[in-house]
Structures are given as structure tokens and as C-alpha cells.
Amino acid sequence: MNVQSRFQPARLLPPLRKPRQTACRLAVCATTGFLIVLAGCASTALELTPESASAQLATQWHAPLPHGGRVDDLREWWSQFDDPLVPRLIEAAQIASPTLAQARANIADAQATRVTRGAALLPALGVAANAARGRSDLADPVSSISSLGLQATWELDLFGAGRAGLAAAEARFASSQAGWHSARVSVAADVARNYVELRACEAHVQQARIDAASRARSAHLTDLAAAGGLRTAATADLARASAAQGEVALEERKMQCELFIKALVALTAQEEPALRRDLAEHTGRIPQPVEFGVSAVPGEVLAQRPDIQAAAQDVVAASAASAQANAQRWPRITLAGNISAAHMSSLGVSSDGTVWSVGPIAITFPLFDGGMRRANAEAAKVRYESATTVYAARLRTAIQEVESALITLESTERRSESASSAADGFGRSYRATAASYDAGASSLFELEDARRSLVSTQRTLIDLSRERLLAWVSLYRSMGGGWSLPAQQPSVP
């Protein structure tokens with residue numbers, strides 16, 4: 001290879017110099033300069049922040065905050081339950097969750113799109129190798145030619161369409177990451193909710209067995225009394241109907257418990273026999289969480305929610321997509337070039353050298369497209385406005401979810417005090433009636449009535465415990481499950 005001719009025009013072909021070429025070059029330069037000026041004057045990008053949507057965000061809570069709680073790391077909240085099975089089931093569910101699998105696929109797709117958009121801003125390089133031997137005419141000698149070189153193409157992003165596309169891809173990638181965290185929080189809350197429902201159902205089954213047995217004893221005594229003429233037949237029929245109703249309620253509770261077990265099997269992908277063995281260790285025992293406090297203002301709490309961050313990134317992506325659609329209405333400029341080492345031989349004479357070229361410079365002017373580009377730009381702007389509205393609505397919904405959970409916690413705490421007092425009173429009444437029955441001063445009917453009253457208050461306590469624990473799960477979910485905005489977010493140019 002002749003090193004001295006590496007960056008010179010190809011010696012294999014005679015250079016052509018005509019006045020027309022000089023004029024064309026001047027025209028291209030003038031056109032390029034004009035387009036650069038237009039690019040500096042063009043303003044197509046919308047504001048890439050969703051601040052307008054959150055401008056009216058509440059600055060304080062209007063629901064009572066849970067008192068007596070501790071501020072703990074929500075990411076470790078499940079492990080602080082007094083039931084070790086809960087975090088194990090949550091971990092299994094997150095491994096088996098199709099929602100999380102889809103969220104991971106969304107991250108991979110968003111990452112691929114981000115890389116593609118970034119690569120589009122850079123020149124594309126390729127290696128080209130050519131070899132040929134032969135003659136094009138009978139009178140021509142046999143010749144061979146070969147070359148190996150680089151080819152490059154580059155579309156100049158004068159009007160920001162490529163940069164806006166990259167910004168949209170960056171935002172969608174961040175949104176997909178937040179969506180994955182949101183899916184994890186949802187899966188954990190779903191498992192916890194079904195687990196709490198199952199334990200409450202099992203506790204109800206225990207009380208339903210006591211109630212059904214009490215009704216059955218009352219019906220038996222009523223039948224004996226009716227046979228002896230001490231009770232009417234109608235009273236005996238009513239007692240038997242009450243006993244049958246107790247059996248129906250018991251079977252209904254059992255069915256509900258079976259449905260919750262099936263739901264846990266589906267969520268966790270565990271083998272049902274093994275899951276039943278694990279569940280049998282704490283049958284009917286409702287787990288008690290470690291309470292956590294809510295003292296931050298709404299804006300700070302919402303910063304912990306990955307779904308809010310995903311919605312915010314969707315606004316950024318829609319804004320960038322709108323800017324890209326506007327930029328695509330302007331001309332496109334593409335540069336091409338190549339450089340290669342060539343070898344040619346003919347009649348025993350060989351020649352080596354470097355072949356290079358810059359160009360052509362392709363300038364595409366959109367003259368008429370039937371309004372397609374304008375329609376795309378208008379649609380992108382509407383999508384941006386829609387994303388902003390969705391983001392603002394999600395902010396309001398998030399505050400409503402947190403405050404609803406806080407109100408439920410406050411209500412269950414107040415009702416629990418009265419329900420506990422009622423349960424204590426009915427418990428004392430039952431024990432007094434049982435003592436009186438043992439002494440022969442009270443009948444078995446009175447004893448069973450006292451027992452069923454006590455069972456009724458125990459059901460109320462179970463329902464309150466269930467409702468309160470579900471409110472804590474809802475609060476965990478509405479506060480983002482301990483997720484926080486990463487310190488480093490993908491940059492938006």
C-alpha cells in the first residue's frame with residue numbers, strides 16, 4: 001500500500017474536476033448552513049417535567065395518622081411479622097409471578113429501544129470487502145481488482161428528532177424499572193391479603209364449630225323436652241332448623257378457606273400438600289404486623305411509590321415523543337462516506353492505493369405528505385396531555401389510598417376497644433352461667449345461649465383483626481412498599 005496516497009483521491013480512476021462541481025459544493029454548503037440556522041430557531045420540545053400535574057398536590061394529611069407505631073423500613077416489614085411463613089410465601093410468589101416476568105421483559109425491551117435510539121445518533125460503520133476477476137470485452141485483458149474498507153453513514157440530528165427519541169426511550173426505560181418495583185409490591189400485598197383472609201377464615205371456622213355444636217345440643221335438648229311435653233313441636237322444629245343453619249354456616253366457612261388456599265397455591269406455585277402442611281402449624285392464628293408510622297407530607301410519601309414515578313416518566317416520554325414528532329416535520333440530512341484499500345492487476349501490472357469518498361449529502365425536504373406529519377405531531381401532543389392528566393389523577397388516587405387506609409386503621413382501633421369490652425363482658429357472663437349450670441341453678445338452654453353470645457363477640461373480634469391487618473397491608477401498598485427513587489436516574493438530554 002502506498003502510505004502517501006492514503007488520504008488522496010483514488011489513483012485508480014482519474015479525478016474529474018469541473019466548474020459545475022465547485023458550484024454544487026457551494027450550494028450544498030449554503031443549504032447546510034441555512035438548515036443549521038433553522039435548527040437553532042426551531043423550538044419543538046415540550047417541557048420534559050410533569051411539574052404542572054403536581055402543582056396542586058396536598059401539603060398535609062387530612063386523615064388521622066396512626067399513633068403508637070414505629071417508623072420501620074418497609075422493605076423489611078414482612079420479615080417483622082410474627083409469622084415466618086408470610087415472607088417465604090411472598091418470595092415464592094415473586095419468583096413465580098407472571099406479572100413480574102412480564103415486567104422484566106418490559107425492562108429488556110425498553111433497554112433495547114434505548115440502545116437503538118442512542119446508536120441512531122452515532123455514525124453507522126461497516127466493513128465492505130470486494131473481489132472480482134475477468135474482462136468486460138473480448139479485446140480487454142484479464143484483470144482482477146479487490147478492495148477492503150470502511151463505509152459510514154450518519155444522519156445529522158439538526159432538529160432534535162433523534163435526541164428527543166432517545167429522551168423518550170430513556171424515560172420509558174426508567175418507567176419500566178419503576179413498573180417492575182410496583183409489580184413486586186403488588187404481588188407481596190396480594191399474597192399477604194390472601195394469607196390474612198385465610199387465617200381469619202380458619203378462626204371463623206373454629207368459632208363456627210363451637211356455634212354448630214351448641215345449636216346441635218340445644219336442638220337435642222329441645223327434642224327431648226318436646227317428647228316429654230315440656231316444649232311444643234314448633235319449638236323443636238325451630239331448634240332443629242337453627243342447628244341445620246349452624247352446619248350450613250360451618251360448611252360455608254370451610255369452603256371459603258379452601259378457596260383461599262387455592263389462591264395461595266396459584267400465587268406461590270407451591271405444591272398444595274406441602275403448603276397445607278406449612279399452613280397447619282398456625283391454623284386460625286391471625287398474624288400481627290409491626291406497626292409503622294406515617295408522618296411525612298403527601299409529596300414525600302408519594303415519592304416512595306414506584307407507580308407514581310412510572311407515571312411521571314410516562315409524561316416525560318410523551319413529551320419527548322411530541323418533540324420528536326414535531327422535529328420529523330423538518331428536512332433530514334444524511335452523510336455517507338467510505339475509505340478502502342484497493343488492489344488492481346492487469347497484464348502483469350499491479351497497482352495499490354486508497355480509495356475514499358465523502359458523500360453524497362442527501363437532503364430530504366418534506367414537501368407534501370397529505371398532512372401525515374402534522375397529524376402525527378398533533379396526536380403526540382394529545383398523548384402528552386393525556387399522560388399529564390393520568391399522572392395528576394394517579395397522584396390524587398395515591399393520596400386517597402393512603403388516607404383511606406389511615407381512616408380504616410383509626411376506625412378499627414376505636415371499634416376494637418368496644419369489641420374487646422363486649423367480649424370480656426360476654427365471657428364473664430358465660431363463665432357465670434356455666435358455674436350456675438354446674439350448681440343446678442341454670443338450664444342448659446341458658447348455658448348454650450350464653451355460649452353463642454360469646455361466639456358472636458369472638459367473631460366480631462376476628463373481623464376487626466382481619467380488617468385492621470388488611471388496612472396495614474393496604475397502607476404498605478399505598479406507600480410504595482419501601483421503594484424509593486433511585487439516586488441515579490437515566491439522564492434525559
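Draft legend 1. Expanded view of helix 10 (residues 444–478). For helix 10, with 35 residues, the first-to-last C-alpha span of 51 Å sits near the 51 Å given by 1.5 Å per residue. One or two positions beyond helix 10, positive phi appears at Gly480, with a value near 90 degrees.

Draft legend 2. How the structure looks around the side chain of Gln313. Tracing the backbone through its elements, the reader meets Gln313 in helix 8 (residues 306–327). Not counting residues within four places of it along the chain, the set of residues in contact with Gln313 comprises Ala171, Ala174 and Ser175.

Draft legend 3. Looking closely at the state of the cysteines. For the coordinates displayed, the defined rule picks out 1 disulfide. A disulfide bridge connects Cys201 with Cys257, and the sulfur atoms are separated by 2.2 Å. Taking the sign of the torsion about the S-S bond as the criterion, the disulfide between Cys201 and Cys257, at about -110 degrees, is left-handed. With a gap of 56 residues between them, Cys201 in helix 4 (residues 161–227) and Cys257 in helix 5 (residues 233–268) connect regions that are remote in the sequence.

Draft legend 4. Examining the pairing of strand 4 (residues 349–358) more closely. Of the pairings in the sheet, the one linking strand 3 (residues 332–346) to strand 4 comprises 10 bridges and is antiparallel in character. Paired with Ser345 across the two strands is Ser350, which belongs to strand 4. Linking strand 3 to strand 4, which pair antiparallel, is a turn of 2 residues; within it Leu347 sits at a positive phi near 55 degrees.

Draft legend 5. Inspection of the layout of surface pockets at higher detail. Quantified by volume, the second largest pocket comes out at close to 490 Å³. Elements with a minimum of two residues in the lining of the second largest pocket: helix 3 (98–120), strand 2 (143–156), helix 4, helix 8, strand 3 and helix 9 (372–438). For the lining of the second largest pocket, the per-class residue count stands at 13 nonpolar, 7 polar and 5 charged.

Draft legend 6. Highlighting the side chain of Glu403. Structurally, the position occupied by Glu403 is in helix 9. Arg305 provides the closest opposite charge to the buried, unpaired Glu403, separated from it by 12 Å. Apart from the residues lying within four places of it in its own chain, the contact partners of Glu403 are Trp61, His62 and Ala63.

Draft legend 7. Spatial organisation of the nonpolar core. Core analysis: the biggest nonpolar cluster contains 60 residues, and Trp78 and Leu475 have the highest contact counts within it. Elements with a contribution of two residues or more to this core: helix 2 (85–96), helix 4, helix 5, helix 6 (272–279), helix 7 (298–302), helix 8, helix 9 and helix 10. Ranked by residue count, the leading element in this core is helix 4, at 14 residues. Among residues more than four places away in sequence, those in contact with Leu475 are Phe292, Val294, Val402, Ala405, Leu406 and Leu409. Grouped together as the second largest cluster of nonpolar side chains are 6 residues, Tyr430, Ala434, Leu447 and Ala450 included.

Draft legend 8. Up close: the pattern of salt bridges. A full pass over the atoms with the stated rule returns 24 salt bridges. Put simply, Arg305 and Asp307 hold a salt bridge, and the shortest N to O gap is 2.7 Å. It is possible to trace a salt-bridge network through shared partners that takes in Glu258, Lys262, Glu272 and Arg276.

What counts as what
- Residues numbered from 1 in each chain as written.
- Predicted model: local features only at pLDDT ≥ 70, side-chain atom pairs only at ≥ 80, totals over all residues.
- Heavy atoms only, no water.
- Helix = DSSP H or I, 4+ residues; strand = E, 2+ residues; numbered from the N terminus.
- Expected span 1.5 Å × (residues − 1).
- Contact = heavy atoms within 4.5 Å.
- Disulfide = S-S within 2.5 Å.
- Pairing = 2+ DSSP bridges.
- 1 Å grid on protein atoms, 1.4 Å probe; cavity = no way out; pocket = protein on both sides within 12 Å on 5 of 7 lines; lining within 4 Å.
- Points joined across faces, edges and corners; volume = space filled by probe spheres on them.
- Nonpolar A, V, L, I, M, F, W, Y, C, P; charged D, E, K, R; others polar.
- Buried < 20%, exposed > 50% of the residue type's maximum accessible area, 1.4 Å probe, protein only.
- Lys, Arg positive; Asp, Glu negative; His and termini not counted.
- Salt bridge = Lys/Arg side-chain N within 4 Å of Asp/Glu carboxyl O.
- Core = buried A, V, L, I, M, F, W, Y, C linked by side-chain atoms within 4.5 Å.

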